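Given next are the chains, with one letter for each unit.
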Amino acid sequence: MTSSSDTTRRDFLKTSVAAASAFAAPAFVRGQNLNSQLQFAGIGTDGKGYSDIKLIASHDKVKCVAFCDVDLSRTAKVKPLAPDAPVYQDYKAMLDELGDKIDAVSVSTPDHTHAIISIDAMQRGKHVYCQKPLTRTVWEARQMRLQAKKTGVITRMGNQIHSHSAYRTGVKAIQDGVIGKVTAVHSWVGTTGHGRSGLLDRPKVNEPVPKTLDWNLWISVAPMRPYGGNRVYHPFTWRDWQDFGSGAIGDFGCHLLDPVYTALKITGDPISVHSEHTGMNDEVWPAQETIKYIIPGTQYTAGRSLPITWYDGGRRPSNGIAKLLPGQTLPGGGSIFVGQKGNMILPHVGQPFVNIEGVSIEPVPSLDHYHGWVDGCLSGKQPSDGFEYGGHLTEAVQLGNVAAYFPGETLEFDGKALKITNNSEANKYLTRDYRTGFEIASI
Ligand SMILES: NC(=O)C1=CN([C@@H]2O[C@H](COP(=O)(O)OP(=O)(O)OC[C@H]3O[C@@H](n4cnc5c(N)ncnc54)[C@H](OP(=O)(O)O)[C@@H]3O)[C@@H](O)[C@H]2O)C=CC1
Ligand SMILES: O=C1CO[C@H](CO)[C@@H](O)[C@@H]1O
């Protein structure tokens with residue numbers, strides 16, 4: 001039920017957002033006028049969607065007003081959170097029908113659908129919490145941050161460990177100068193680019209689409225292909241496939257590189273990117289890769305540019321780079337910040353340590369990532385990792401995937417022009433061809 005004062009407030013917000021769109025007003029226009037309740041709809045209700053919705057809904061000022069999932073069999077878990085809330089298969093139908101009853105949405109769907117859903121929601125003035133990586137392509141990441149700026153809605157990328165004690169502690173230590181200025185960063189994860197579906201190519205035999213699933217909506221912006229079968233593409237295994245997911249760096253880059261971008265306050269576009277890997281075809285991502293970025297330097301780096309090296313699929317930096325003290329070991333995933341005074345090792349969601357005798361780091365407490373976004377929607381205060389930040393980080397991550405198509409080549413990137421300047425063929429991988437009816441309009 002919406003009270004008349006709510007209606008007035010929402011009408012006012014509609015006008016405010018329209019005005020914000022027209023004049024590119026700052027990001028607090030909508031949020032500062034909200035009353036004490038946030039009417040929220042969750043898009044993507046199982047897998048990560050379930051925990052996103054549950055944790056957002058645990059804020060006492062959130063009311064779940066609707067749920068949406070392309071597979072109705074996967075809505076069972078969220079229903080008890082709001083038994084009377086309607087359930088939709090098509091997010092567009094939900095936004096059309098419920099209109100101003102929705103203030104904010106979460107988008108916890110496979111990567112290829114993040115941009116189309118989030119941009120539509122932002123254009124309608126909804127605050128958006130969207131999972132990592134923010135988008136499947138570099139161009140989409142740029143559109144997301146431009147749209148967030150234009151509409152002034154409150155956004156957050158779904159990388160909850162941005163608010164975790166371990167990463168916050170690592171960020172503070174770097175900014176406090178514990179290892180001096182940073183000369184290089186090495187980040188790695190054990191995850192491989194494919195292997196979740198057990199396939200390297202499309203299956204020859206296709207099972208029928210389950211009755212509860214709208215396969216046309218699941219495919220969304222990507223070229224249509226047959227359903228395949230359970231766990232060929234859906235659910236979860238889409239990560240392997242170039243049309244839908246983003247491989248190992250797409251899956252973990254926005255996690256592991258988050259404290260790197262945050263600590264060093266990186267806001268510039270990568271200058272170049274170079275990938276070397278174990279091979280790929282037209283369908284799935286490489287099993288193991290090493291991606292070398294050159295990023296513009298900041299106040300926390302020693303040089304005017306900074307090399308960042310990414311490793312996945314079992315690759316990791318050498319002991320010569322790590323220079324660990326006796327008794328220290330490299331974690332399964334994490335980052336080494338190489339500094340002028342020594343190295344800081346930041347395990348993936350583990351407390352950082354340094355290889356400087358006698359130096360230890362005081363932990364910083366965690367914050368509630370989900371409630372932080374809700375509080376931002378209610379107060380108008382944009383959290384630190386909105387789409388401006390997440391868009392930059394995701395552009396870098398997905399640029400690594402562009403480089404995978406040209407192994408051994410250094411691609412030079414002009415961020416302002418959104419263009420690779422020394423390989424014209426590579427530019428086509430910055431974006432994709434959108435299926436008719438699922439286009440995303442450029443801002
Ligand atoms: N921050 C973190 O720690 C984590 C983040 N993630 C991120 O969360 C997102 C979802 O991943 P995951 O949960 O594993 O994926 P799933 O394949 O399990 O999809 C999540 C849910 O979204 C539904 N869905 C798919 N497409 C649509 C659509 N167009 N509209 C509405 N619902 C849809 C799925 O239905 P169906 O079953 O039919 O596909 C499923 O219920 C990804 O971006 C992933 O990177 C994932 C895990 C952890
Ligand atoms: O943190 C995470 C845990 O693993 C998942 C599956 O690889 C990731 O998608 C996710 O981001």
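Bear in mind the structure is a predicted one, so any value in this text is a computation, not a measurement.

Student: Which residues make up the layout of surface pockets, and what are the values?
Tutor: Each pocket or cavity is described by its volume, and for the largest pocket that value is around 700 Å³. If you go around the largest pocket, you meet 40 residues; those closest to its centre are Gly44, Ser108, Thr109, Pro110 and Trp238. When residues of the lining of the largest pocket are traced back to their parent elements, those giving at least two are helix H2 (48-57), helix H3 (91-98), helix H4 (114-123), helix H7 (215-219) and helix H8 (247-256). The dominant element in the lining of the largest pocket, judged by the number of residues it contributes, is H4, at 3 residues.

Student: Hey, could you go over the sheet that holds strand E12 (residues 343-347) for me, with residue numbers and the actual values?
Tutor: Pairing in this open sheet of 9 strands is mixed, and the strands run E13-E12-E11-E7-E10-E9-E8-E14-E15 from one edge to the other. On the outer flanks of this sheet lie strand E13 (353-354) and strand E15 (419-420), each paired with one strand and no other. Two strands pair when backbone bridges link them, and strand E8 (residues 272-277) and strand E14 (residues 410-414) are joined in this way by 3 bridges, in the antiparallel orientation. Among the inter-strand pairings, His274 is bridged to a residue of E14, identified as Thr410. Set on the sheet, helix H12 (residues 387-403) makes contact with E8, strand E9 (289-296), E14 and E15; between it and E8 the angle comes to about 50°.

Student: I'd like to hear about the domain arrangement of the chain, residue by residue, with values.
Tutor: Here the domain parsing of the chain yields domain 1 (4-162 + 370-382) and domain 2 (164-194 + 244-367 + 396-430). In this structure, domain 1 and domain 2 have C-alpha centres spaced 29 Å apart. Listed by partner, the interface residues are 16 residues for domain 1 and 25 residues for domain 2. With both sides pooled, the region where domain 1 packs onto domain 2 buries about 1800 Å², and carbon together with sulfur makes up 55% of that total. Its largest share of buried area at the contact with domain 2, domain 1 owes to Arg136, Val138 and Ile161, together 37% of the area lost on that side. On the surface where domain 1 and domain 2 come into contact, there are 2 salt bridges. Between Asp251 and Lys132 there is a salt bridge, and its shortest N-O distance comes to 3.1 Å. Between domain 1 and domain 2 we count 13 residue pairs in polar contact (both at pLDDT 80 or more) in total. In terms of residue count, the dominant contributor to the side of domain 1 that touches domain 2 is helix H5 (residues 138-151) (4 residues). In terms of residue class, the side of domain 1 that touches domain 2 is made up of 5 nonpolar, 6 polar and 5 charged.

Student: Got a sec to walk through the UniProt feature "domain: Gfo/Idh/MocA-like oxidoreductase bacterial type C-terminal" (unreviewed entry) in the chain? Specific residues and values, please.
Tutor: According to UniProt, the "domain: Gfo/Idh/MocA-like oxidoreductase bacterial type C-terminal" (unreviewed entry) feature falls on residues 206-278. Overall, residues 206-278 shows 30% helix and 8% strand. The separation of its end C-alpha atoms is 29 Å.

Student: If you had to explain the packing of aromatic side chains to someone new, which residues and values would you point to?
Tutor: Enumeration over the complete set of coordinates arrives at 13 aromatic pairs. Between Trp139 and Tyr434, the aromatic rings sit 6.1 Å apart at their centres with planes inclined by 55°, giving tilted as the arrangement. In this pair, Trp139 sits in helix H5 while Tyr434 sits in the segment after E15, placing the two residues 295 residues apart along the sequence. Taken individually, Trp139 and Tyr434 each receive the classification buried, so the pair is uniform in this respect. Relative to Tyr405, the ring of Trp285 lies with its centre 5.9 Å away and its plane at 70°, an arrangement referred to as edge-to-face. With Trp285 in the loop between E8 and E9 and Tyr405 in the loop between H12 and E14, the pair connects residues that are 120 residues apart, well separated along the chain. By relative accessible area, which is 23% here, Tyr405 ends up partly exposed.

Student: Any details on the site of ligand 2? Residues and values, ideally.
Tutor: Lys132, Phe236, Arg239, Asp251, Phe252 and His255 make up every residue found near ligand 2. Within the side chain of Lys132, one N or O atom sits 2.6 Å away from an oxygen atom of ligand 2. Take Arg239: an N or O atom from its side chain is 2.8 Å from an oxygen atom of ligand 2. Expressed as a share of its isolated accessible area of 300 Å², the protein-covered part of ligand 2 is 65%.

Student: How would you summarise the environment of Ala403 if you had to cite specific residues and measurements?
Tutor: Looking at where Ala403 falls in the secondary structure, it is placed in helix H12. With 282 residues separating them in the primary sequence, Ala403 and Ala121 have C-alpha atoms 31 Å apart.

Student: Can you tell me about unusual backbone geometry, naming the residues and giving the values?
Tutor: Across the junction of Lys132 and Pro133, the peptide omega takes the value -20°, indicating a cis bond. Mapped onto the elements of the fold, Pro133 is located in the loop between strand E5 (127-131) and H5. In this structure, the amide linkage connecting His234 to the following residue, Pro235, adopts the cis form with an omega of -15°. One non-glycine residue, Phe236, adopts positive backbone phi at about 70°. Inspection of the secondary structure assignment puts Phe236 in the loop between H7 and H8. Here the phi dihedral of Lys323 falls at roughly 50°; this positive angle occurs in a residue that is not glycine. Tracing the backbone through its elements, the reader meets Lys323 in the loop between helix H10 (319-322) and strand E11 (334-339).

Student: Which residues make up the sheet that holds strand E2 (residues 62-68), and what values do they have?
Tutor: Within a sheet, adjacent strands bond to each other through the backbone by hydrogen bonds, running parallel or antiparallel. Within the open sheet, the 6 strands sit side by side as E3-E2-E1-E4-E5-E6. Their pairing is parallel. The open sheet is flanked by strand E3 (87-88) and strand E6 (155-158), the only strands paired with a single partner. Bridge count between strand E1 (residues 38-43) and E2: 6 bridges; the pairing is parallel. From the neighbouring strand, Gly42 faces E2, where its bridge partner is Phe67. Across the sheet, H12 lies against E5 and E6, angled at about 40° from E6, the strand it touches most.

Cut-off values and rules
Residues numbered from 1 in each chain as written. Chains lettered and ligands numbered in written order. Predicted model: local features only at pLDDT ≥ 70, side-chain atom pairs only at ≥ 80, totals over all residues. Heavy atoms only, no water. 1 Å grid on protein atoms, 1.4 Å probe; cavity = no way out; pocket = protein on both sides within 12 Å on 5 of 7 lines; lining within 4 Å. Points joined across faces, edges and corners; volume = space filled by probe spheres on them. Helix = DSSP H or I, 4+ residues; strand = E, 2+ residues; numbered from the N terminus. Pairing = 2+ DSSP bridges. Contact = heavy atoms within 4.5 Å. Axes fitted to C-alpha atoms, helices over the stretch in contact; angles between N-to-C directions. Domains from an automatic or database assignment. Buried area = accessible area lost by both parts, 1.4 Å probe. Salt bridge = Lys/Arg side-chain N within 4 Å of Asp/Glu carboxyl O. Polar contact = N/O pair within 3.5 Å; in protein donor to acceptor, adjacent residues only side chain to side chain. Nonpolar A, V, L, I, M, F, W, Y, C, P; charged D, E, K, R; others polar. UniProt positions renumbered as here; feature names shortened; annotations may be inferred. Phe/Tyr/Trp six-rings, centres within 6.5 Å; stacked < 30°, edge-to-face > 60°. Buried < 20%, exposed > 50% of the residue type's maximum accessible area, 1.4 Å probe, protein only. Near = heavy atom within 4 Å. Areas by Shrake-Rupley, 256 points an atom, 1.4 Å probe, with all protein chains shown as cover.

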